[in-house]
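# Observations on the model geometry
Read off the chains here:
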Amino acid sequence: MIAGLLDQLSHLLAPKVHGDQLSIRVNLKQLVASAAGTFLGQAAFEAAKRAESSVVKSHLKALSIALHNYHDVYRQFPPAAIRDANGRPLLSWRVAILPFLEENKLYQQFHLDEPWDSPHNKPLIAKMPEVLRPRSATLRAEGKTTMLVPVGKQTIFGPPQGVRIRDITDGTSKTILIVDADEAHAAVWTKPEDLNVDGVDAKHAVIGTRKEGVNCAFADGHVERLDPSFTADMVRALLTRNGGEPIPRQ
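Below you will find a few notes about this structure.

Criteria and cut-off values
Residues numbered from 1 in each chain as written. Predicted model: local features only at pLDDT ≥ 70, side-chain atom pairs only at ≥ 80, totals over all residues. Heavy atoms only, no water. Helix = DSSP H or I, 4+ residues; strand = E, 2+ residues; numbered from the N terminus. Buried < 20%, exposed > 50% of the residue type's maximum accessible area, 1.4 Å probe, protein only. Contact = heavy atoms within 4.5 Å. 1 Å grid on protein atoms, 1.4 Å probe; cavity = no way out; pocket = protein on both sides within 12 Å on 5 of 7 lines; lining within 4 Å. Points joined across faces, edges and corners; volume = space filled by probe spheres on them. Nonpolar A, V, L, I, M, F, W, Y, C, P; charged D, E, K, R; others polar. Pairing = 2+ DSSP bridges. Phe/Tyr/Trp six-rings, centres within 6.5 Å; stacked < 30°, edge-to-face > 60°.

Take unusual backbone geometry next. Positive phi, close to 65°, is recorded for Arg75, a residue that is not glycine. Within the secondary structure, Arg75 is located in the loop between helix H3 (35-74) and strand S3 (81-83). Residue Arg75 is classed as exposed on the basis of its relative accessible area of 57%. The phi dihedral of Glu102 is positive, around 60°, even though this residue is not glycine. If you trace the backbone, Glu102 turns up in the loop between helix H4 (93-96) and helix H5 (104-109).

This part covers the side chain of Ser64. Structurally, the position occupied by Ser64 is in helix H3. Classification of Ser64 by relative accessible area gives buried; the value is 1%. What Ser64 contacts, discounting residues up to four positions off in sequence, is Leu177, Ile178, Ala217 and Gly221.

A few words now on the environment of Ala219. Position of Ala219 relative to the elements: it lies in the loop between strand S11 (214-218) and strand S12 (223-226). The buried category is assigned to Ala219, whose relative accessible area is 0%. When the C-alpha atoms of Ala219 and Ile65 are compared, they prove to be 9.8 Å apart, with 154 residues separating the residues in sequence. Sequence-distant contacts of Ala219, defined by excluding residues within four places in its chain, comprise His68, Ile156, Ile168, Thr172, Thr175 and Leu177.

Let us look at the layout of surface pockets. In this structure, the second largest pocket occupies an estimated 160 Å³ of space. Class assignment for the residues of the lining of the second largest pocket results in 5 nonpolar, 3 polar and 4 charged.

In space, the 4 strands of this open sheet follow the order S6-S8-S11-S12, with antiparallel pairing throughout. This sheet does not close on itself; its edge strands, each paired only once, are strand S6 (147-148) and S12. Bridging between strand S8 (residues 176-180) and S11 involves 3 bridges; their strand directions are antiparallel. Of the residues in S11, the one forming a bridge with Ile176 is Phe218.

Applying the stated rule across the entire model yields 5 aromatic pairs. Centroid distance Tyr74 to Phe100: 6.5 Å. Interplanar angle 80°. Geometry classified as edge-to-face. Taken together, the positions of Tyr74 in helix H3 and Phe100 in the loop between H4 and H5 put the pair 26 residues apart, joining distant regions of the chain. By relative accessible area, Phe100 is classed as partly exposed at 23%. Aromatic pair Phe110 and Trp189: ring centres 5.9 Å apart, planes at 90°, arrangement edge-to-face. With Phe110 in the loop between H5 and helix H6 (137-141) and Trp189 in the loop between strand S9 (187-188) and strand S10 (195-196), this residue pair connects regions lying 79 residues apart in the sequence.

Below, the structure written as structure tokens:
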């Protein structure tokens, strides 16, 4: 089989000499139609998936570092939302950590006492930082991100006032901080909207139908892929900061 593929490639990628220059002209239609094209296409697809996963992990790591730097300054993680005096959510935690992502100039452009879609704040949606930008061009055009935090009564971002590291009694290495959510859950990056995990199937909310699993940042800063073989109970245990559940790992 390999010999046959090499033979096809040698035919489709035959070099030509023009004076002192060597060139290769590829007929893409023939290449795609060939077995070699199929082979190369699959290889390219797998390479793209690995590269995509690497980028996602890098972004999750950068966001977790920013959250920890925020904690160093304010002695707590930011709450899920910046709120007004009446407790009304205005802007996302993603806006709150902009100074810790080297985006202080962008942060200073926000009116923090106005909602995300106010006449002043809404145009800033188009300035989404690279670390939040999703793989989907459609989502990027809509100003949406898949970098979400789990929100629920026992999650790190559950309490409206913010959580300290010492409040994560289940252990920082066993508690999810950020999820690379699926596209169906994507949210406008400045909007105080995240991944609700209360009253739902935890596995479906976090992993969904993604056969390759999902990358998450944990409260100790490490990034890990949750395998689709994890049960709903296992995922639920990883979401709570103080549930006291045993964490069986596969």
